[in-house]
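Secondary and tertiary structure notes
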There are 2 protein chains.
Amino acid sequence: MAQGSLLMRESLGAVLRAERMRRGLTLRELSASARISLGYISELERGQKEASSELLAALCDALDVRLSEVLHEVSLDLATVEAATAPEAGGVVASAA
Amino acid sequence: MAQGSLLMRESLGAVLRAERMRRGLTLRELSASARISLGYISELERGQKEASSELLAALCDALDVRLSEVLHEVSLDLATVEAATAPEAGGVVASAA
């Protein structure tokens, strides 16, 4: 894997967590409304688990956010990291920590 | 699953397949350069398998496309379907099964 790269699940987890926080929901509340285990959501938010498409759709439903918006945020997030690390952008590869 | 919904893996598969075709690569060629089994890529393109973040990154590398671009395409794809099916004005959440 490329140095300084950001994995999709890491960005996705951060975005989902931000969406939950924005709504003032606890993990417990989201877990109850999405019918997804608290532990799973927690791991997902920390980028430690891949989200299946079905669970991702259920989570977005429970968060009342569109999956397209979530993925758009993820794409922007990844683009920022790519721009900072891709050799074609600046020539110098600055490794992000 | 909500009626008319498009799962992320289905959209992702279609986008990845389109990127491969655009480059005139066969599944065999992509499989060799990405070091991912042909069967796995094929299932992924047909939306039958979830892509792990690592394999997705490797595929994008082999396709010489940025993951952010792929996800942006996916988000546009999903937004089109959402706009056609979501009861956005009412705020009534159609329950997913």
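Relevant structure appears above.
Criteria and cut-off values
- Residues numbered from 1 in each chain as written.
- Chains lettered and ligands numbered in written order.
- Predicted model: local features only at pLDDT ≥ 70, side-chain atom pairs only at ≥ 80, totals over all residues.
- Heavy atoms only, no water.
- Contact = heavy atoms within 4.5 Å.
- Buried area = accessible area lost by both parts, 1.4 Å probe.
- Salt bridge = Lys/Arg side-chain N within 4 Å of Asp/Glu carboxyl O.
- Polar contact = N/O pair within 3.5 Å; in protein donor to acceptor, adjacent residues only side chain to side chain.
- Helix = DSSP H or I, 4+ residues; strand = E, 2+ residues; numbered from the N terminus.
- Expected span 1.5 Å × (residues − 1).
- Buried < 20%, exposed > 50% of the residue type's maximum accessible area, 1.4 Å probe, protein only.
- Disulfide = S-S within 2.5 Å.
- Least-squares fit on C-alpha atoms with pLDDT ≥ 70 in both.

**A short note on the interface of chain B and chain A**
Residue-level contacts link 26 residues of chain B with 24 residues of chain A. Around 2,200 Å² of area is buried between chain B and chain A when both sides are counted, 57% of it from carbon and sulfur atoms. For chain B, the biggest contributors to the area lost against chain A are Met-8, Ser-53 and Arg-66 of chain B; these three give 26% of the whole. At the boundary of chain B with chain A, the tally comes to two salt bridges. The interface formed by chain B and chain A holds 11 residue pairs in polar contact (both at pLDDT 80 or more) in total.

**Some words on the environment of Leu-12 of chain B**
Residue and element names in this part refer to chain B. The topology assignment puts Leu-12 in helix H1 (residues 8–22). As a C-alpha pair, Leu-12 and Val-70 span 58 residues in sequence and 7.6 Å in three-dimensional space. Excluding residues within four positions of it along the chain, Leu-12 makes contact with Ala-51, Leu-56, Val-70, Leu-71 and Val-74.

**Focus: helix H1 (residues 8–22) of chain A**
Residue and element names in this part refer to chain A. The terminal C-alpha atoms of H1, which comprises 15 residues, lie 21 Å apart, in line with the 21 Å expected from a rise of 1.5 Å per residue. Here H1 has its buried residues at Met-8, Arg-9, Ser-11, Leu-12, Gly-13, Val-15, Leu-16, Glu-19 and Arg-20. Where H1 ends, the next residue or the one after it, Gly-24, has phi of about 65°, a positive value.

**Section: the side chain of Glu-19 of chain A**
Residues and elements named next belong to chain A. By the secondary structure assignment, Glu-19 is in helix H1. Overall, Glu-19 belongs to the buried group, its relative accessible area being 2%. A distance of 3.3 Å separates polar atoms of two side chains, one belonging to Glu-19 and the other to Arg-22. Setting aside residues no more than four positions away along its own chain, Glu-19 makes contact with Leu-63, Val-65 and Glu-73.

**Concerning the side chain of Ser-31 of chain B**
One can find Ser-31 of chain B in helix H2 (residues 27–34). With residues up to four places along the chain from it excluded, the contact list for Ser-31 of chain B reads Ile-36, Ser-37, Leu-38 and Ile-41 of chain B.

**Side note on the state of the cysteines**
Per the stated rule, a full pass over the model turns up zero disulfides over all chains. Not engaged in a disulfide, the cysteine Cys-60 of chain A finds its nearest cysteine sulfur in Cys-60 of chain B; these two sulfurs lie 20 Å apart. Judged by relative accessible area, which is 2%, Cys-60 of chain B ranks as buried.

**Re the pattern of salt bridges**
Counting across every chain of the model gives 14 salt bridges over all chains. Of the charged contacts, one joins Glu-19 of chain A and Arg-23 of chain A as a salt bridge, the two residues approaching to 2.7 Å between their closest N and O atoms. Given the relative accessible area of 33%, Arg-23 of chain A is considered partly exposed. With its nearest N and O atoms 3.2 Å apart, the salt bridge here joins Glu-43 of chain A to Lys-49 of chain A. On the basis of relative accessibility, which here comes to 26%, the residue Glu-43 of chain A falls in the partly exposed class. You can call Lys-49 of chain A partly exposed: its relative accessible area is 33%. Residues joined in a network through salt bridges with shared partners are Arg-9 and Glu-50 of chain A together with Glu-54 of chain B.

**A few points about the relation of the copies chain B and chain A**
With an RMSD of 0.0 Å, the operation that places chain B on chain A is a rotation of 180° combined with a shift of 0.0 Å along the axis. Look at the turn and shift together and you get a two-fold axis relating the two.

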